[in-house]
Amino acid sequence: MSHLKQQSTLAIFVLLGLLTATANAQSSRTKLDGMWSDPPATAVGTFCFFSCTDLGLDRLNKLLDDSANDARPAMQLIAQAKTVEGDYIRGLFTPEALKHFPLDPLKDPGYLRCEPWGLARQMFAPHQFEMRQNGRDRIDLRYGEWAARRTIYMDGRKLPANIKPSKMGYSIGRWDGETLIIETSAIEANIFESLAVGGNTGGGTLHSDQLRIVERYTRSSDGKTLQLTATLEDPVTFRGPLVLKKTWSWAPDQKITPYDSCERPAESKKDAKP
Amino acid sequence: MTSSRTCLLILPILLLCSSVSLSHHSFSAVYDGSKETTVAGVVTQFRFVNPHAMMYLDATDSSGKVAKWVVEFDGRLNLSNVGWTADSIKSGERVTVTGNPSHTESNRLFFRKLVHADGTELVRGAQRLNAIEEDRRQRARQRDQQK
């Protein structure tokens, strides 16, 4: 009788454990869901508006904490820290990447032909970013910029070996506690840029189709921000892994509106491909 | 050294432009951030769209000749973040607009500031810049209190 009671108690504990684990998994699956947008209007938030590195953030924090800089505009300190960050990122470029650096922004297909960005730029795009669990096995990502979309497969499949590269690549994901980890490969050769190396002034270079990206998304403990840590590896472009960070603010009232009026520049129209 | 100094001068402008916009094209490739032009005229159309809102303006000179101007704004995505709507600028209203001139097209500006006929103003990025500086002052106060 006593043995039976012990077994029943054990069964109840196991059942409770399973229920808790299931509830936690369910909670993780929807914890990041919703609409996110521009980072907090702080110096640090602005520094990471597109992307930033730990090295750059460290430099910015030192500048902000030095009372000798109190009279200088925040944007000037941000620019100074970005210069340091730019030197670091440029130092990671391979000779092949340096051959293409800096790209001419007037030849950017996004500018010339209103051609949407590849993943290496899109995942750091400013403004709206929406994450939605789609059933048990998929997560849909939408971006305000270019109204771009991605699908993340969460069913445990492996990255396919021979898949045709595309702008957004092929993404599989998994949960590590409350962190969403996404691995992407099969990304077409395209443009990598960072404001720190003069992005949008010709600070970009080309990455190859060997680019692999691991993204880690975590919600802050106060729930107000979403943090991305992305590791980019491409032996043709970078001497080693490049780790970039980005922050969004919780923005449930925002919407992604159509990207319906991309105007090709007048001076390029006659030469640009349709 | 020269390159670093140049970068320090240019980057705040880029960051300001970038922090607010930079969507499908490079700002500096199209516009001259170091210059500003002011034009007064009557709005013929304001298109509140992505990736960039556009305003079309007829400016009449003293001889009565009408020049057509195009003013490019940040996109609807981020203008709506700071409270703009499709009615923020109305067709038929008289405005004075200041912006960065285009390198390549005459009579084209990138928006910096617009003054309505009643004197009220729309200024690009002002809210965010003010908030950044306020955050910084608060951070400095906290630092000083900890000493």
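Residues numbered from 1 in each chain as written. Chains lettered and ligands numbered in written order. Predicted model: local features only at pLDDT ≥ 70, side-chain atom pairs only at ≥ 80, totals over all residues.

## Brief notes about the overall build of chain B
The line we're drawing: Put simply, DSSP marks the helices as runs of H or I at least four residues long and the strands as runs of E at least two long, and each gets a number from the N terminus on. In this scheme every C-beta is placed from the backbone, and a residue whose C-beta has 20 or more other C-beta atoms within 10 Å is buried, one with 12 or fewer is exposed, and one in between is partly exposed. By definition, residues are in contact whenever their C-beta atoms, placed on the basis of the backbone, come within 7 Å of each other.
Assigned secondary structure in chain B consists of 4 helices and 6 strands. Across chain B, helices and strands are ordered from the amino to the carboxyl terminus as α-α-β-β-β-α-β-β-β-α. By the burial criterion, 38% of the 147 residues in chain B qualify as buried. For chain B, contacts bridging at least 24 residues in sequence account for 52% of all contacts bridging at least 6.

## Concerning the environment of Gln122 of chain A
Residues and elements named next belong to chain A. On the secondary structure map, Gln122 appears in helix H7 (residues 119-122). Taking the C-alpha atoms as reference, Gln122 lies 13 Å from Glu215; in sequence the two are 93 residues apart. Residues within four places of Gln122 in sequence aside, it is in contact with Trp117, Tyr143, Trp146 and Ala148.

## Points about helix H4 (residues 74-92) of chain A
Condition: Multiplying 1.5 Å by the residue count of a helix minus one yields the expected span of that helix.
With 19 residues, H4 of chain A should cover 27 Å at 1.5 Å per step; its first-to-last C-alpha distance of 27 Å lies within 8% of that length. Of the residues making up H4 of chain A, those classed as buried are Ala74, Met75, Leu77, Ile78, Ala79, Gln80, Ala81, Lys82, Thr83, Glu85, Gly86 and Ile89 of chain A.

## Brief notes about the nonpolar core
This is how the line gets drawn: Among buried residues, those of type Ala, Val, Leu, Ile, Met, Phe, Trp, Tyr and Cys that are joined through C-beta atoms within 7 Å form a set called a nonpolar core.
Counting 53 residues, the largest nonpolar core has Ala43, Phe47, Leu60, Leu77, Ile78 and Leu232 of chain A as the members making the most contacts within it. At 7 residues, the largest contribution of residues to this core is made by H4 of chain A. Excluding residues within four positions of it along the chain, Leu60 of chain A makes contact with Ala43, Val44, Phe47, Leu77, Ile78 and Ala81 of chain A. The next biggest cluster of nonpolar side chains, apart from the first, holds 20 residues, and it includes Tyr31, Phe48, Leu57 and Ile89 of chain B.

## Some words on the sheet that holds strand S4 (residues 149-153) of chain A
The criterion, for reference: At least two bridges found by DSSP between two strands are what make those strands a pair. Interaxial angle, 0 to 180 degrees, is taken between N-to-C directions of lines fitted to C-alpha atoms, where a helix line uses only the stretch in contact.
Reading around the barrel, the 9 strands line up as S1-S2-S3-S4-S5-S6-S9-S10-S11 (chain A) and close back on themselves, with mixed pairing between neighbours. For this sheet the average axis-to-axis angle between neighbouring strands, irrespective of direction, equals 30 degrees.

## Here's the deal with the packing of helix H3 (residues 54-65) of chain A against H4 of chain A
Residue and element names in this part refer to chain A. Applied cut-off: When an angle is under 35 degrees it counts as roughly parallel; over 145 it counts as roughly antiparallel; between 65 and 115 it counts as roughly perpendicular; any other value is oblique. Crossing handedness: left-handed means the near helix sits turned counterclockwise from the far one by under a right angle, and right-handed means the same turn made clockwise. In this classification, Asp, Glu, Lys and Arg are treated as charged, Ala, Val, Leu, Ile, Met, Phe, Trp, Tyr, Cys and Pro as nonpolar, and every other residue, Gly included, as polar.
Running from N to C, H3 and H4 point in directions that differ by 150 degrees, and their axes come no closer than 8 Å. Here H4 runs roughly antiparallel to H3, going by the angle between their axes. In this structure, the crossing between H3 and H4 has a hand that is right-handed. On the side of H3, the interface is formed by Leu55, Gly56, Arg59, Leu60, Leu63 and Leu64, while H4 contributes Leu77, Ile78, Gln80, Ala81, Lys82, Val84, Glu85 and Tyr88. Split by residue class, the contact of H3 with H4 holds 9 nonpolar, 2 polar and 3 charged.

## Quick look at the environment of Trp250 of chain A
Residues and elements named next belong to chain A. With respect to the helices and strands, Trp250 occurs in strand S11 (residues 242-250). By C-beta crowding, Trp250 is classed as partly exposed, having 17 other C-beta atoms within 10 Å. Residues Trp250 and Arg142, spaced 108 residues apart in sequence, show a C-alpha to C-alpha distance of 15 Å. Setting aside chain neighbours within four positions, we find Trp250 in contact with Gly34, Trp36, Gly223, Lys224 and Thr225.

## Topic: the pairing of strand S5 (residues 108-116) of chain B
Residues and elements named next belong to chain B. Note that strand S3 (residues 66-72) and S5 share 3 bridges and pair parallel. Paired with Glu72 across the strands is Phe110, a residue of S5. In terms of strand pairing, strand S4 (residues 94-101) meets S5 through 7 bridges, oriented antiparallel. Within the sheet, the bridge partner assigned to Gly99 lies in S5 and is Phe111. The hairpin formed by S4 and S5 contains 6 residues between the paired strands, and Asn107 there has a positive phi angle of roughly 60 degrees. In the sheet, S5 pairs with strand S6 (residues 121-123) via 3 bridges, with the strands oriented antiparallel. Each residue of the ladder has a partner; that of Val115, found in S6, is Glu121. As consecutive antiparallel partners, S5 and S6 are separated by 4 residues, and within that stretch Gly119 has a phi angle of approximately 90 degrees, a positive value.

## Some details on the confidence of the model for chain A
To keep things clear, this is the line we draw: Confidence scores per residue from the predictor, reported as pLDDT, run from 0 to 100.
Per-residue pLDDT for chain A has a mean of 86; in total, 84% of the residues score no lower than 70. Here residues 267-274 of chain A scores under 50 on pLDDT; set against residues more than four positions off or in separate chains, the count is 8 contacts.

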